[in-house]
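# Coordinate inspection notes
Here is how the chains run, residue by residue.
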Amino acid sequence: MPTRILPAGADPDAVRSLTTLLSQLPDAEPQPPVTDSTQLVDSLARLAAESVDELPEVVVVHERIGPVPALELIREVALRFPAVGVILVTTDAGPGLFAAAMDSGARGLVGLPLSYEELAGRVQAVAQWSTGVRRHLGHGADVLGGAGGTVVTVSGAKGGAGATLTAIQLALAAQASGRPTALVDLDLQTGDIASYLDIQFRRSVADLATITDISPRVLADAVFRHDTGLALLLAPGEGERGEEVTDRAARQIVSALRSRYEVVVIDCGAQLSGAGAAAVEMADTALLVTTPDVIAVRAAKRTVRMWDRLQIRKAEETTVVVNRHTRSTEIQPALVQRITGTALARTAVPANFKELQAVVDAGRVHELDAKSTVKQALWGLAGELGLVKGAAEAGSHRSGGRGPVGFRRRKE
């Protein structure tokens, strides 16, 4: 059986020479190369969603890849697709980098300039390892699929657009349907999830920022278990500690959460930080909440363009949710979609703050009345996104397998 090898690198000349050499290896079947970290993870996720058997045995990552650095990318691939062997191609084949690559989850390291014998030996060894792991685990989809839980980020077009309330209600809906759910506050300086749920907890996401290997026990120590069953990872009480949560730390935290929970909902707030950018990039679904007024819609358009310029997420990969919607407003959801160039959630959240005022003031938004039109809309949005058990499958059948709404990176 041929060994499927997926090359990944941003330097066209380097990738071309790597692919040429890989094609000369016995029983090798090089796949079309990918040019950046997002494309690599997305490609693997699509293959894993179809079948574990569709995944390549070997991924060869060139050191010149971005936007995620090579070692961080290897760590993410190793966590999400544990039966795919990763080889790092680098000009620095010294013991320091070798140790760092192994710690990140690589199965081998090949130095530049490339040597046919070294590359062939390393590919063969890694392919045998990958095949052995799959055989040993019996092709168990839950273990080998690598997809892990669904990650949804919720960002606000501007402050006060309703991102936090949206994130909380989406998480509550998923948890209530029987799916283990984590709710994360990555609005690191002004996060309000703790206030909305009337809790005090000394641990926060900042406590995980310096930990390079987040074990289940370490993660459990940082998480607060709410009465609703939600696992909460809160923003630090001291806003200045938010700077400790770098984009690299955020990637590790999100990967750790994805591996333990079926649904991970992340409140990213309205200000873009490195951690928030990493979360939005990694998300299966990225929501942008806006209100139907000129200022908010302009802010939504600026946010979408900024994400695109920074190569965080393309406009068509973002789903806009219109909050405080009324039929009488001049700006309707379809117009918001045309202005921003994004996907549009079918569910619009009605403007009815009177329903919310009592529970918001009391910090008990989880006790919002089930008859509330706002709650019904947000829980309906959770079903539309496939976060509610059973809704994902139904939405998939309705949409020909592309997912219930908008653009979902992993499960198309």
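Position labels on residues start from 1 in each chain and follow its written sequence. Two thresholds apply to this predicted model, a pLDDT of at least 70 for residue-level local features and 80 or more for giving and counting side-chain atom pairs, whereas whole-chain, interface and lining totals are computed over all residues. Side-chain measures were taken over the full set of non-hydrogen atoms in the model, leaving aside hydrogen atoms and water.

## With respect to the overall build of the chain
We count it as follows: In this description a helix means any DSSP run of H or I spanning at least four residues, a strand means any run of E spanning at least two, and both kinds are numbered starting from the N terminus. The atom set for the radius of gyration is the C-alpha atoms, and the globule formula is 2.2 Å times the number of residues raised to the power 0.38. When checking whether two residues touch, look at their non-hydrogen atoms; a contact exists if any pair is within 4.5 Å. For the charge count, each Lys or Arg is scored as positive and each Asp or Glu as negative, with His and the chain ends excluded. By convention, the charge on Lys lies at NZ, on Arg at CZ, on Asp at CG and on Glu at CD.
Assigned secondary structure in the chain consists of 16 helices and 13 strands. Relative to the compact-globule value of 22 Å for 412 residues, the chain shows a C-alpha radius of gyration of 22 Å, a close match. When contacts within the chain are restricted to residue pairs at least 6 apart in sequence, those whose partners lie at least 24 apart make up 75%. Separation of charge centres in the chain, based on 43 positive and 47 negative side chains, amounts to 5 Å.

## Side note on the sheet that holds strand β12 (residues 318-322)
As a reminder, the rule being used: Note on pairing: two strands pair once DSSP finds at least 2 bridges between them.
The strand order across the open sheet built from eight strands is β8-β9-β7-β10-β6-β11-β12-β13, with neighbouring strands paired in mixed fashion. Two strands in the sheet have a free side with no partner beyond their single neighbour: β8 (224-225) and β13 (343-344). Judged from the five bridges that link them, strand β6 (residues 150-156) and strand β11 (residues 285-290) form a sheet pairing that is parallel. Bridge pairing in β11 places S155 opposite L288.

## With respect to the UniProt feature "domain: Response regulatory" (unreviewed entry) in the chain
Defined as follows: UniProt positions are given in the numbering used here, feature names are shortened, and annotations may be inferred rather than shown by experiment.
Within this structure's numbering, the places UniProt gives as "domain: Response regulatory" (unreviewed entry) are residues 4-127. Within residues 4-127, the helical portion is 48% and the strand portion 19%, while the C-alpha atoms at the span's ends are 9 Å from each other.

## Let's talk about the sheet that holds strand β4 (residues 85-90)
We count it as follows: Fitting a line to C-alpha atoms yields each axis, with helices limited to the stretch in contact; the angle taken between N-to-C directions then spans 0 to 180 degrees.
Pairing is parallel in the open sheet, where five strands are placed in the order β2-β1-β3-β4-β5. Two strands lie at the open edges of the sheet, namely β2 (28-30) and β5 (108-111), each paired on one side alone. Averaged over neighbouring strand pairs, the angle between their axes works out to 25° when direction is ignored. Here strand β3 (residues 58-62) pairs with β4 via five bridges, running parallel. Note on β4: the bridge partner recorded for V59 is V86. Of the strands in this sheet, β4 and β5 are in contact with helix α4 (residues 95-104), which crosses β5 at around 145°.

## What to know about the pairing of strand β1 (residues 3-8)
Looking along a regular strand, one sees side chains alternate from face to face of the sheet. Threshold: Throughout this description, buried means an accessible area under 20% of the type-specific maximum (1.4 Å probe, protein chains only), exposed means over 50%, and partly exposed covers the range between. By convention, orient the strands away from the viewer: a clockwise path from the first strand over the helix to the second makes the crossover right-handed.
Extensive coverage of β1 is indicated by the burial of six of its six residues. Going residue by residue along β1, you find T3, I5 and P7 tucked away on one face and R4, L6 and A8 tucked away on the opposite face as well. Bridge count between β1 and β2: three bridges; the pairing is parallel. Residue pairing across strands places I5 opposite P30, the latter belonging to β2. One crossover worth recording links β1 to the parallel β2 by way of helix α1 (residues 12-23), and it is right-handed.

## Things to note about the confidence of the model for the chain
Rule in force here: On a scale of 0 to 100, pLDDT captures the predictor's confidence in every residue.
Per-residue pLDDT for the chain has a mean of 89; in total, 92% of the residues score no lower than 70. Contacts for the low-pLDDT stretch residues 139-146, under 50 throughout, to residues beyond four places or in other chains number 21 contacts. Across residues 392-404 the pLDDT falls below 50, and counting only partners more than four positions away or on other chains, this stretch makes 16 contacts in the model.

## Some details on the pattern of salt bridges
Here is the rule: When a carboxyl oxygen of Asp or Glu lies within 4 Å of a side-chain nitrogen of Lys or Arg, that pair is called a salt bridge.
Applying the stated criterion to the full structure yields twelve salt bridges. Salt-bridge contacts for R241 lead to D207; the nearest nitrogen and oxygen are separated by 3.7 Å. Here R241, found in the loop between β9 (231-233) and α10 (247-260), pairs with D207, found in the loop between α8 (193-196) and α9 (216-222); they are 34 residues apart in sequence, far enough to count as distant. When its relative accessible area of 24% is taken as the criterion, R241 is described as partly exposed. For D207, a relative accessible area of 23% gives the class partly exposed. Each member of the salt-bridge network shares a partner with another, and the members are E72, R248, R251 and E281.

## Regarding the packing of aromatic side chains
As a reminder of what qualifies: Classification of ring pairs uses Phe, Tyr and Trp, with its six-membered ring standing for Trp, and accepts pairs whose centres are within 6.5 Å; under 30 degrees between planes counts as stacked, over 60 as edge-to-face, and the remaining range as tilted. Here, over-ring charges are defined by two tests on the NZ atom of lysine or the CZ atom of arginine: distance to the ring centre within 6 Å, and angle to the ring normal within 35 degrees.
The tally for this structure, following the rule as stated, stands at one aromatic pair. With a centroid separation of 5.2 Å and an interplanar angle of 55°, the aromatic rings of F201 and F224 are classed as tilted. Here the residue F201 occupies a position in the loop between α8 and α9, and F224 occupies one in strand β8, the gap between them amounting to 23 residues. We classify F201 as partly exposed; its relative accessible area is 30%. Across from the ring centre of W379, 4.7 Å away, lies the NZ or CZ of K375, which sits over that ring.

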